[in-house]
Amino acid sequence: MKIEAITLREIQMPLVHFFETSFGRTYHRRIMLLTVHCEGVDGWGECVAGEDPFFSAESVETAWYCAEKYLAPMLLGKSVAAGNEVPALLTRVRGNRMAKAAIENATWDAEAQIRNAPLHQVLGGTRKEINCGVSIGIQDSPEQLLEKIATELAAGYQRIKLKVKPGWDVNILERVRSKWPDILLSCDANSAYTMHDAAHLKSFDRFRLLMIEQPLWNDDFYFHGRLQRQLDTAICLDEGIRNARDAEAAIEHGSCRIINIKVGRVGGFSEAIKVHFVAERANVPVWCGGMLETGLGRSHNIALSSLENFRLPGDVSASKRYWKEDIIEPEVTVSAKGTIPVPQSAGRGFRLREDLIERLTTRKQTFRAGATSA
Ligand code: OSB
Ligand code: MG
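It should be emphasised that the depicted structure is a prediction, and the values quoted were computed from it without experimental measurement.

## Section: the site of ligand 1
Right, so step 1: In the neighbourhood of ligand 1, 16 residues make up the surrounding shell, with S135, N190, K262, L292 and Y322 lying closest.
Right, so step 2: Contact distances for ligand 1 include 3.0 Å between an oxygen atom and a side-chain N or O atom of D188.
Right, so step 3: At a separation of 2.9 Å, an oxygen atom of ligand 1 approaches a polar side-chain atom of K262.
Right, so step 4: A total of 390 Å² of accessible area belongs to ligand 1 in isolation, and the protein chains cover 96% of it.
Right, so step 5: Class assignment of the residues belonging to the shell around ligand 1 gives a composition of 5 nonpolar, 3 polar and 8 charged.

## Here's the deal with the domain arrangement of the chain
How big an interface is tends to be expressed through the accessible area that disappears when the partners come together.
Right, so step 1: Each assigned domain of the chain is listed here: domain 1 (5-116 + 352-373) and domain 2 (121-349).
Right, so step 2: Both sides together, the interface formed by domain 1 and domain 2 hides about 3900 Å², and carbon and sulfur atoms give 63% of it.
Right, so step 3: Among the residues domain 1 hides against domain 2, the three largest losses belong to F55, R97 and R353. Together they make up 17% of the total.
Right, so step 4: The tally of links between domain 1 and domain 2 comes to 4 salt bridges.
Right, so step 5: Residue E20 is joined to K165 by a salt bridge in which the shortest nitrogen-to-oxygen separation is 3.6 Å.
Right, so step 6: Broken down by secondary-structure element, the contributors of at least two residues to the side of domain 1 that touches domain 2 are β1 (5-21), β2 (24-38), β3 (41-47), α3 (97-114) and α12 (354-360).
Right, so step 7: A total of 11 residues in the side of domain 1 that touches domain 2 trace back to one element, the largest contributor, which is α3.

## A closer look at the sheet that holds strand β15 (residues 361-368)
Right, so step 1: On the basis of which strands lie adjacent, the open sheet formed by 4 strands has the order β3-β2-β1-β15 and antiparallel pairing. Edge strands, defined here as strands with exactly one partner in the open sheet, are β3 and β15. Averaged over all adjacent pairs, the angle separating strand axes in this sheet is 25°, with direction ignored.
Right, so step 2: Across the sheet, helix α1 (residues 60-75) is in contact with β1, β2, β3 and β15; its angle to β1 comes to roughly 155°.
Right, so step 3: Running at roughly 150° to β3, α3 makes contact with β1, β2 and β3 of the sheet.

## Some thoughts on the coordination of the magnesium ion (ligand 2)
Right, so step 1: With distances of 2.1 to 2.2 Å, the protein atoms coordinating the magnesium ion (ligand 2) are D188 (OD), E213 (OE) and D238 (OD).
Right, so step 2: Within one chain, the residues serving as donors to the magnesium ion (ligand 2) are arranged as D-x24-E-x24-D. Residue D188 is found in strand β7 (residues 184-188), and its partner D238 is found in the loop between β9 (235-237) and α9 (244-253); the two are separated by 50 residues along the sequence. One exposure class covers both D188 and D238, and it is buried.

## Quick word on the pairing of β3
Right, so step 1: Counting buried positions over the 7 residues of β3 gives 6, a clear majority of the element.
Right, so step 2: By the bridge criterion, 7 bridges tie β2 to β3 in an arrangement that is antiparallel. Each bridged residue has a counterpart across the sheet, and for L34 the counterpart in β3 is G45.
Right, so step 3: In this structure, the hairpin formed by β2 and β3 is closed by a connection of 2 residues, where E39 is found at a positive phi of approximately 40°.

## Notes on the pairing of strand β6 (residues 159-163)
Right, so step 1: Along β6, 5 of the 5 residues are buried, which leaves the element largely enclosed by surrounding structure.
Right, so step 2: By the alternation rule, side chains of β6 split into R159, K161 and K163 and I160 and L162, which are all buried.
Right, so step 3: Relative to β6, strand β5 (residues 133-136) is paired through 4 bridges, and the arrangement is parallel. Residue pairing for β6: I136 is matched across the bridge by L162.
Right, so step 4: Crossover β5 to β6 through helix α5 (residues 142-155) is right-handed.
Right, so step 5: As judged from the 5 bridges shared by β6 and β7, these two strands associate in the parallel manner. The partner of K163 across the bridge, within β7, is D188.
Right, so step 6: What joins β6 to β7 is helix α6 (residues 170-179), and the crossover it makes is right-handed.

## What about the sheet that holds β7?
Right, so step 1: Sheet architecture is open: 7 strands sit in the order β5-β6-β7-β8-β9-β10-β11, paired in parallel fashion. Both edges of this open sheet fall to β5 and β11 (286-288), since each of them pairs with a single strand only.

Here is what the cut-offs are and how they apply
Residues numbered from 1 in each chain as written. Chains lettered and ligands numbered in written order. Predicted model: local features only at pLDDT ≥ 70, side-chain atom pairs only at ≥ 80, totals over all residues. Heavy atoms only, no water. Near = heavy atom within 4 Å. Polar contact = N/O pair within 3.5 Å; in protein donor to acceptor, adjacent residues only side chain to side chain. Areas by Shrake-Rupley, 256 points an atom, 1.4 Å probe, with all protein chains shown as cover. Nonpolar A, V, L, I, M, F, W, Y, C, P; charged D, E, K, R; others polar. Domains from an automatic or database assignment. Buried area = accessible area lost by both parts, 1.4 Å probe. Salt bridge = Lys/Arg side-chain N within 4 Å of Asp/Glu carboxyl O. Helix = DSSP H or I, 4+ residues; strand = E, 2+ residues; numbered from the N terminus. Pairing = 2+ DSSP bridges. Axes fitted to C-alpha atoms, helices over the stretch in contact; angles between N-to-C directions. Contact = heavy atoms within 4.5 Å. Donors = N, O, S within 2.8 Å, 3.2 Å for Na, K, Ca; no water. Buried < 20%, exposed > 50% of the residue type's maximum accessible area, 1.4 Å probe, protein only. Right-handed = clockwise from strand over helix to strand, strands pointing away.

Encoded structure:
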């Protein structure tokens, strides 16, 4: 596949309901999409960087800058046989994993089309359907949260994950557990606690959570290990796992018993697959995280979740939970038993609504091999 041109674009889409985590509330998403144009085929990738550098150091602006100035020039004019050849071409750039993932995943997306094979198969996945949970943000009131949980359970979702922070944690978990004693329930702190909260976090054990996600610092393994030894509840690392080497170190140190894999966070499908296998060899279950993606990123998450060790329900849920109108056709829907079928058709299995994407686009730039801009 010769990479003849690369298009960067930013689209803007309002969320149907705000999403609040310990680091802030989002009403409106700005999303960078990236297209690799290869010999008549367009591969698409979604960058999961947020509007602000609050989840990780990257943002839409840094991703655009990195892709325009470094990543696109490193790929333009190159021929690659497969998506997994892309990381080696980008190694000189440190970090910027979400930007890298957008360009690498776009290349896998093109590869699946050119090989006329389903993307999940190209990635090595075997599952025919994936198990789905939902991530529910911090609400204006506990009552509003209970109502949301009831709706998602009625829709069939297999696991409920609640965002927590100091002041919105035990009070909430207490109410949810007393109303639903037996559901699969977890929480995600996005680094809202420190070791001073160890006893407080230990008190979460009584809620029999499936896991506590990233309770401590975003860049820590050491203290998560110390905390894990004090808890009965499994710790799951999200922010902290940047690559397969991190996964190996975190598991060896006992920093977590579960890993959340986000393809953008680890820099692309190649690394996500490596993290998956490191965890599988250590008998550590993984699940697929979400970053409020459009249907494009969602379709890639579905394909990735078809790998065998994605043993726990992921944060991969229906389009309508996020968007009034998604940019793919058909939209992602979830069955009454909380599953999404893995598309068996060639490519990502969802058609992009390019007319709608065009209308949502606020900036766009195409770079061609042998030219600076066009
Ligand atoms: O930590 O998993 C997270 C959304 C944005 C940033 C970080 C996280 C999340 C979610 C939402 O939990 C997952 C989703 O529904 O896409
Ligand atoms: Mg998380």
